[in-house]
Amino acid sequence: MTVSGQDRAIDDALATLHEEGCVVLPDVLDHGELREIADRLSGVAESERKDGTAWFSNGNQRVFNLLNRGQGFVDLIDHPVALALVKGVLGADALLSSITANIAQPGNVPQLLHTDQQYVQAPWFHPLTLNVVWMLDEFTPENGGTRYVPRSHVVGAPPLTEEIATVPLVGRAGGIALIDGRVWHGTGVNRLACEARRGIFAYYCAPYLRQQENVHRSLREEVRSGLSAEQQRLLGYDVWQGLGVVDGIPRHWMGTNRRSGPLDATGDLP
Ligand SMILES: O=C(O)CCC(=O)C(=O)O
């Protein structure tokens, strides 16, 4: 796709997201990228099942903190298409809140409808969070594709009822879906005999919200040292409007109005 074609696709997607609360973009990963990430996720999920550290909810396997589980996952957080959309919704200073996988297994039960920003007191007039769903398998009504209530973001509050019609989020493997943090949604039921539905949920938030994963405590040092400047910023290593300081405002900013940016030229902590 040309740059202007891609810009138009991003503008169109943002317009749909604004109207519907959810949008699907096909073919963001090519076949090779998709296979590498999907295989890696299956490998990590299997090893967590074998070593007894796997975490299940509603019959689905969650794999947390993917940043520590392979470079392919780290590279997703600032994928140019996903990040352009995230910044279009949450602004240029958006943070990554967490990146996890949810593997919807046959025999699961439906997840309760929820929104992704319901720890913030309603009413909500804007999205404060955004989920970018990397569809590693096709999402269908049969395999546990996420269910959601179109336009529920305009309610600006958590689900008022479970007794409401939902629609399935459908899309081909390799695409992404964006879910506005106010949209009522939940994992669907996987009715297949044996095939799981794998999705990676890259969850972003406004820069003044607490991030879900406390990467400052959980990120392995070798992962942190390999992050690009933008990846460090996304994870909250920079100062933003005087938040996230380390021992106060950097001394070399004294006498200036500067209150945002990396802590030093390399982004390393002092
Ligand atoms: O697995 C899904 O389809 C949805 C997961 C979800 O809603 C969530 O993690 O908040």
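For the structure, check the block above.
What you see is a predicted model, and the numbers here were worked out from it, not measured in a lab.

Basis of the calculations
Residues numbered from 1 in each chain as written. Predicted model: local features only at pLDDT ≥ 70, side-chain atom pairs only at ≥ 80, totals over all residues. Heavy atoms only, no water. Helix = DSSP H or I, 4+ residues; strand = E, 2+ residues; numbered from the N terminus. Contact = heavy atoms within 4.5 Å. Salt bridge = Lys/Arg side-chain N within 4 Å of Asp/Glu carboxyl O. Buried < 20%, exposed > 50% of the residue type's maximum accessible area, 1.4 Å probe, protein only. Patch = residues over 30% accessible without salt bridge, like charges linked within 9 Å, V, L, I, M, F, W, Y side chains within 5 Å. Areas by Shrake-Rupley, 256 points an atom, 1.4 Å probe, with all protein chains shown as cover. Lys, Arg positive; Asp, Glu negative; His and termini not counted. Charge placed at Lys NZ, Arg CZ, Asp CG, Glu CD. Near = heavy atom within 4 Å. Polar contact = N/O pair within 3.5 Å; in protein donor to acceptor, adjacent residues only side chain to side chain. Nonpolar A, V, L, I, M, F, W, Y, C, P; charged D, E, K, R; others polar.

Caption draft 1: Molecular detail of the environment of Val170. Its place among the elements puts Val170 in the loop between β7 (167-168) and β8 (176-180). Between the alpha carbons of Val170 and Thr129 there is a distance of 21 Å; along the sequence they are 41 residues apart. In this structure Val170 touches Val24, Phe139, Thr140 and Pro141, once residues within four positions along its chain are discounted.

Caption draft 2: Spotlight on the pattern of salt bridges. Enumeration according to the criterion identifies 10 salt bridges in this entry. The shortest N-O distance in the salt bridge between Glu48 and Arg69 comes to 3.0 Å. You can see Glu48 sitting in helix α2 (residues 31-50) and its partner Arg69 sitting in the loop between β3 (60-63) and α3 (71-76), a full 21 residues away along the chain. We classify Glu48 as buried; its relative accessible area is 9%. We classify Arg69 as partly exposed; its relative accessible area is 26%. For the salt bridge of Arg233 with Glu230, the shortest nitrogen-to-oxygen distance reads 2.9 Å. One end of the pair, Arg233, and the other, Glu230, are both in helix α7 (residues 229-234), 3 residues apart, so they sit about a helical turn from each other. One salt-bridge network, in which partners are shared between bridges, spans Lys87, Glu230 and Arg233.

Caption draft 3: View of a negative patch on the surface. Together, Asp30, Glu33, Glu36 and Asp39 make up a negatively charged patch on the protein surface. Examined against the element boundaries, Glu33 turns out to sit in helix α2. Judged by its relative accessible area of 36%, Glu33 is partly exposed.

Caption draft 4: Quick peek at the site of the ligand. Around the ligand, the neighbouring residues are Arg62, Asn102, Gln111, His114, Asp116, Thr146, His185, Thr187, Arg197 and Phe201. Gln111 has a polar side-chain atom sitting 3.3 Å from an oxygen atom of the ligand. A distance of 2.5 Å separates an oxygen atom of the ligand from a polar side-chain atom of Thr146. Of the residues belonging to the shell around the ligand, the class tally is 1 nonpolar, 6 polar and 3 charged.

Caption draft 5: Main features of unusual backbone geometry. Of note, the amide linkage connecting Ala122 to Pro123 takes the cis form, showing an omega dihedral of 5 degrees. Of note, Pro123 is situated in the loop between β4 (95-104) and β5 (129-135). Unlike most non-glycine residues, Asp27 shows phi in positive territory, near 55 degrees. Relative to the elements of secondary structure, Asp27 occurs in the loop between β1 (22-25) and α2. For Asp27, a relative accessible area of 48% translates into the label partly exposed. Although it is not a glycine, Asn58 sits at a positive phi angle of roughly 55 degrees. On the secondary structure map, Asn58 appears in the loop between β2 (55-57) and β3.

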